[in-house]
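# Close look at the chain arrangement
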Amino acid sequence: MLIRRADAIKSSEITSLDLFLRRREFLRGAGWVAAGAVLAPTLACGAEGEARPLAPRAGADANPFRTDEKPTAFKDATRYNNFYEFGTDKSDPRRYAGSLRTRPWSVAITGEVGKPGTIDLDDLLRPHSAEERIYRLRCVEAWSMVIPWLGIPLGEIIKRFEPTSGARYVAFKTLLDPEQMPGQRSRVLDWPYLEGLRIDEAMHPLTILATGMYGQELPNQNGAPLRLVVPWKYGFKSIKSIVEIRLARTEPPTSWNLQAPREYGFFANVNPDVDHPRWSQKRERRIGELRKRPTILFNGYADQVAHLYQGIDLRKYF
Ligand SMILES: Nc1nc2c(c(=O)[nH]1)N[C@H]1C(S)=C(S)[C@@H](COP(=O)(O)O)O[C@H]1N2
Ligand SMILES: [Mo]
């Protein structure tokens, strides 16, 4: 699909984009709204007259790839970020991520694969139309957002490189370049940023590589040009600006686990019953709302993912 460059979006359009997303709530229940609909707001709005509003569903989403919850304002999702390569303040990524050059960009696929290789970002986008997925993102810091991502299931990409029977984990790495990423000159984390998943988590249909959000290319501060989104895990697992995906036999090291192993486990599944050692995980603040809401096990995706952790002590493997 065609995605416009984020810097081509005018602020007047951003306001109308938020308005469009609100109006589109009337269209929910129609099931899968193709990503193309986001790019053709006039068309979708034209159909609004015929669509009957549906009462919000309670409990788990009928369609695991969408939620009936109202998307977070684009403005908040792009001004309140964690991207330590550009500073530790929530406002730093928006201010400083402009120095990241996102083209040309390629991702190396290495390790336990029959056909190691690289994917050029533009090649990746060409044959695959990105799908829209409206997912909750729950940060370990007890705030959350609802974001309409555009992405490609990670499993589809991994399969193309023919993982071997030894591929039990997937390791991800962010770009290392202190010139473009000035936050890497500070020792706040051991760079480059690293993350990892078990192979079954990586192949799960909810897991996507996102190339866009709100119908446009990812803004740099949100992890351009390509970031992981794993909606049932704390936000730090959703690593940004990926340059390498390595299939591995053993559990890979991850940045936050290396930094503070007692605070951040390898799994990092959203769990209201396992508190962070320094604060509770029982509730969360949805950005844009005043009252806190309860945090839900696996961020509300238990129907889809709880089976992956059957027989596992979630207190021990947090
Ligand atoms: N490379 C990299 N990826 C990262 C981070 C980071 O600092 N560096 N922060 C993580 C954390 S803690 C969160 S909550 C999410 C935030 O994503 P957002 O800014 O798009 O909301 O990105 C994650 N991915
Ligand atoms: Mo986070």
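In what follows, the structure referred to is the one given above.
Here's what I pulled together on the structure shown here. Counting starts from 1 at the beginning of each chain's written sequence and moves along it residue by residue. Chain letters and ligand numbers both follow the written order, the letters beginning at A and the numbers at 1. Since the coordinates come from a predicted model, pLDDT governs what is reported: local features require at least 70, and pairs of side-chain atoms require 80 or more to be given and counted, while whole-chain, interface and lining totals use all residues. Excluding hydrogens and water, the side-chain figures rest on all heavy atoms present in the structure.

## Let's talk about the side chain of Glu244
Counting from the N terminus, the helices are the DSSP runs of H or I reaching at least four residues and the strands are the DSSP runs of E reaching at least two. Within the element layout of this structure, Glu244 appears in strand 10 (residues 242–248). Classification of Glu244 by relative accessible area gives buried; the value is 18%. Polar contacts, as counted here, are pairs of nitrogen or oxygen atoms within 3.5 Å of one another; within protein the pair requires one atom able to donate a hydrogen and one able to accept it, and residues that are adjacent in sequence qualify only if both atoms are side-chain atoms. One polar contact links Glu244 to Thr110, side chain to side chain, over a distance of 2.9 Å. Excluding its chain neighbours within four sequence positions, the residues that come into contact with Glu244 are Val107, Ala108, Thr110, Ala171, Phe172 and Lys173. Exposed residues in this analysis have more than 50% of their type's maximum accessible area, buried residues have under 20%, and partly exposed residues fall in between, with area computed by a 1.4 Å probe over protein chains only. In this description, contact between two residues means that some pair of their heavy atoms is separated by no more than 4.5 Å.

## Brief notes about the site of ligand 1
Here a residue counts as near a molecule or strand whenever at least one of its heavy atoms sits within 4 Å of it. The immediate surroundings of ligand 1 are formed by 15 residues, with Asn81, Tyr84, Glu85, Ser238 and Lys240 found nearest. In the environment of ligand 1, an oxygen atom lies 2.8 Å from a nitrogen or oxygen atom belonging to the backbone of Tyr84. Taking Glu85, its side chain carries an N or O atom lying 2.8 Å from a nitrogen atom of ligand 1. For accessible areas, the Shrake-Rupley method is used with a probe of radius 1.4 Å. Any residue's cover is judged against the shown protein chains and nothing else. Protein burial of ligand 1: of its 540 Å² of free accessible surface, 98% is covered by the chains. For the shell around ligand 1, the class distribution of residues is 6 nonpolar, 6 polar and 3 charged. Under the convention adopted here, Pro, Cys and the residues Ala, Val, Leu, Ile, Met, Phe, Trp and Tyr are nonpolar, Asp, Glu, Lys and Arg are charged, and Gly plus all remaining residues are polar.

## Notes on the pattern of salt bridges
Side chains that carry opposite charge are capable of pairing whenever their charged atoms lie near each other. Think of a salt bridge as a Lys or Arg side-chain nitrogen and an Asp or Glu carboxyl oxygen that are within 4 Å of each other. The final tally for this structure, using the stated rule, is 19 salt bridges. Note that Arg249 and Glu112 form a salt bridge whose closest N and O atoms lie 3.1 Å from each other. Within this pair, whereas Arg249 is found in the loop between strand 10 and helix 9 (255–259), its partner Glu112 is found in the loop between strand 1 (106–111) and strand 2 (117–120), the two being separated by 137 residues in sequence. The closest approach of N and O atoms between Arg138 and Glu284, which form a salt bridge, is 3.2 Å.

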